[in-house]
Amino acid sequence: MSNSDIIGIVLEGGTPNIVKALIRADYDVKIGEFLIIRDREGKAGLVQVEHFEYGNDFYTESLGIVKSLVDSEVIASILDKSTYLSVSLRVIKDNNARVQMPGNTVMKFPRTKGVNGTDQKKYLELLYEGKLDDPRYVKYGRIINTDIPLLLNVNALPMHMGIFGETGSGKSYNMRYLIDVFSNLEFNGKFYAIPMVVIDANGDYIDLATLSIKREYLNRNSSRGFIRRYTFTDLRNAHRFRLDLNLFTPSDIAYMVITAKYRDAEVGQASLQMNLLELALNELKDEDFNSLFTEENFSTLQEKVSEIVEDRKDELGFTKNTQRALQSALQTFRNKVSQFDLIADGEETFNYDTLEELFFKQGLAIVDFSADGAPGMDILTKQIIVGYIARLMLNYLIKKKMNNEKRVISLVIEEAQNYIPSDNYPVNAHLTKDVLATLATQGRKFGASLVLISQRPAFIDKVVLSMLNSFIFHRVYHEDVRYIQSVTGGISEYLAKELVSLPRGQAIVTGLINPLEIPVRVHIEKKSELESDIGSEGDLLEVLTG
Ligand SMILES: Nc1ncnc2c1ncn2[C@@H]1O[C@H](COP(=O)(O)OP(=O)(O)OP(=O)(O)O)[C@@H](O)[C@H]1O
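Residues numbered from 1 in each chain as written. Predicted model: local features only at pLDDT ≥ 70, side-chain atom pairs only at ≥ 80, totals over all residues. Heavy atoms only, no water.

- In the nomenclature of an unreviewed UniProt entry, the protein chain corresponds to ATPase from the organism Stygiolobus caldivivus.
- The Sequence similarities (unreviewed entry) comment attached to the protein chain in UniProt states, word for word, "Belongs to the HerA family." (UniProt positions renumbered as here; feature names shortened; annotations may be inferred.)

Pasting the structure below:
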């Protein structure tokens, strides 16, 4: 440890968890930063900056002479020398050092490079206690004001994660960075990737599949068997996304069809229609369910519904009203399905084999909802697709688990508020909400990992939010701070205040994924290889001047 790393001393007045210290005023301290305290015996403990304020005993209002110096730069610069930073430091690991002792030295984390590299190793070991060499912990970003990475516990992923931050705060770039981390897990000299399906709301990820330079970077260790873009129109270098309704039970299909149309329906009415459709599909169970939604065979389904209502009125008691409502729901579903050609006879579909291939080849599937990949697609159709994928994943993972075959797949959902909204968000999403909630509740046992990305946590259903065990917060809206404190527990008042002003590229990581068990402020370095093809917002003047 060189003297240049010493930045302050411990003062009297500490408590078992909080150390008071003075540090040099020219040190660019950050709330959430990690520092080291060394005691008289040379033992070191770790602390996190909780709060700081500047002090200078000369510059106080009560000292009359100060008032006459307001325009005296020369004297002021001499007096500035006695400015200090008074800091509160939360003890993270005392390592048997007597960190609270007044007079102890406060030091910054040594840098990796240069003479202090070996010192840094020592403190890193102190921080991570053996996890540094454990392949289940992967390096992510840099802890603020240091060049040491935060380790993420990969095993926490199936416990689900939320990434939140206002527009432009860096969520998508962060997710790209995480995709890169999860695509290059090293174990015993070989590389592995977490199988992932990404619901790409705005085309922020498609270049990872379509641009060879990006694809090759992401797959530099050849861990992914494929990186594939799924679209809803025919495009070069893309797979067409199609549904296979035969994979679902009549009851699943009935649920999808009815909730897609009657998203606000009174439960009683909707459940009658679901029963009616389930019955009709059961009676048509020898038919190909996909073909029942094609132009030629749709009438078979409609006629079956009419037949049940009209011919078996006395026996079953379905009313004309229920029939009419169901026919209308069927029509809506069919219209959506046909508008985007989601069901096509004999064409390849997104099915169990796709998920099996995704798992075994450790693939990355990007479902492209951008204007290019899904031109003119409305939110209802997107919900049909996300609901389909979630249901497929759930059924697949349950089936495999029953067979004692272990699987893991991560489902990343951008603009998650459109699929799993809270009561505060004006979107109906019965179609996706229940299945995603089930995936969140039960999925962890089966290897499902949800990553929900949204601008505001308050827009996400509370029950599902409570099932997320890890969070990455970028800059958030003021209104969300209290909410975040209540769902995560451990964010201090001071760090919470930082949430509203975090610069781009900084975030606070909390929850099971973070082995340090305290919220950690990180800087996510921008790697040009990972920068989105869409790029940054342009310079207006540059655009106008051509
Ligand atoms: N770690 C970073 N370092 C520097 N710049 C960054 C970083 N992360 C993101 N940016 C830049 O900030 C801008 C917004 O990033 P990004 O698109 O990831 O934000 P977002 O939160 O996903 O926004 P939106 O909600 O609008 O999709 C981009 O120009 C991106 O290049």
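1. Observations regarding the site of the ligand
Thought 1: The environment of the ligand is made up of 15 residues, and the closest members are Lys 171, Ser 172, Tyr 173, Ile 524 and Lys 526.
Thought 2: A distance of 2.9 Å separates an oxygen atom of the ligand from a polar backbone atom of Gly 168.
Thought 3: Ser 172 places a side-chain nitrogen or oxygen 2.7 Å from an oxygen atom of the ligand.
Thought 4: Out of a free accessible area of 630 Å², the ligand has 80% covered by protein chains. (Near = heavy atom within 4 Å. Polar contact = N/O pair within 3.5 Å; in protein donor to acceptor, adjacent residues only side chain to side chain. Areas by Shrake-Rupley, 256 points an atom, 1.4 Å probe, with all protein chains shown as cover.)

2. So, the side chain of Asp 244
Thought 1: Relative to the helices and strands, Asp 244 is located in the loop between strand S15 (239-240) and helix H7 (250-261).
Thought 2: Of the side chains with opposite charge, Lys 399 comes closest to the buried, unpaired Asp 244, at an N-O distance of 10 Å.
Thought 3: A distance of 3.0 Å separates a polar atom in the side chain of Asp 244 from the backbone nitrogen of Asn 246.
Thought 4: Filtering out sequence-adjacent residues up to four positions away, Asp 244 remains in contact with Asn 290, Thr 349 and Tyr 388. (Helix = DSSP H or I, 4+ residues; strand = E, 2+ residues; numbered from the N terminus. Buried < 20%, exposed > 50% of the residue type's maximum accessible area, 1.4 Å probe, protein only. Lys, Arg positive; Asp, Glu negative; His and termini not counted. Salt bridge = Lys/Arg side-chain N within 4 Å of Asp/Glu carboxyl O. Contact = heavy atoms within 4.5 Å.)

3. A word on the side chain of Thr 322
Thought 1: Looking at the secondary structure, you find Thr 322 in helix H12 (residues 320-339).
Thought 2: When its relative accessible area of 2% is taken as the criterion, Thr 322 is described as buried.
Thought 3: What Thr 322 contacts, discounting residues up to four positions off in sequence, is Gln 269, Leu 272, Gln 273 and Leu 276.

4. So, the sheet that holds strand S1 (residues 6-10)
Thought 1: Taken together, 6 strands build a closed barrel; the order of strands is S1-S2-S5-S4-S3-S6 and the barrel is antiparallel. Each strand axis lies, on average, 40° off the axis of its neighbour in the sheet, ignoring direction.
Thought 2: When strand S2 (residues 18-24) meets strand S5 (residues 84-93), the two strands line up antiparallel, connected through 7 bridges. What sits directly across from Ala 21, in S5, is Val 87. (Pairing = 2+ DSSP bridges. Axes fitted to C-alpha atoms, helices over the stretch in contact; angles between N-to-C directions.)

5. What to know about the packing of H12 against helix H14 (residues 379-402)
Thought 1: Direction vectors running N to C along H12 and H14 enclose 85°, while the axes themselves pass 10 Å from each other. Between H12 and H14, the crossing angle belongs to the class labelled roughly perpendicular. Counting all contacts with H12, which are made through Thr 332, Phe 333 and Lys 336, the residues of H14 involved are Leu 380, Thr 381 and Ile 384.
Thought 2: Each residue belonging to the contact of H12 with H14 can be placed in one class, and the counts come to 3 nonpolar, 2 polar and 1 charged. (Parallel < 35°, antiparallel > 145°, perpendicular 65-115°, else oblique. Nonpolar A, V, L, I, M, F, W, Y, C, P; charged D, E, K, R; others polar.)

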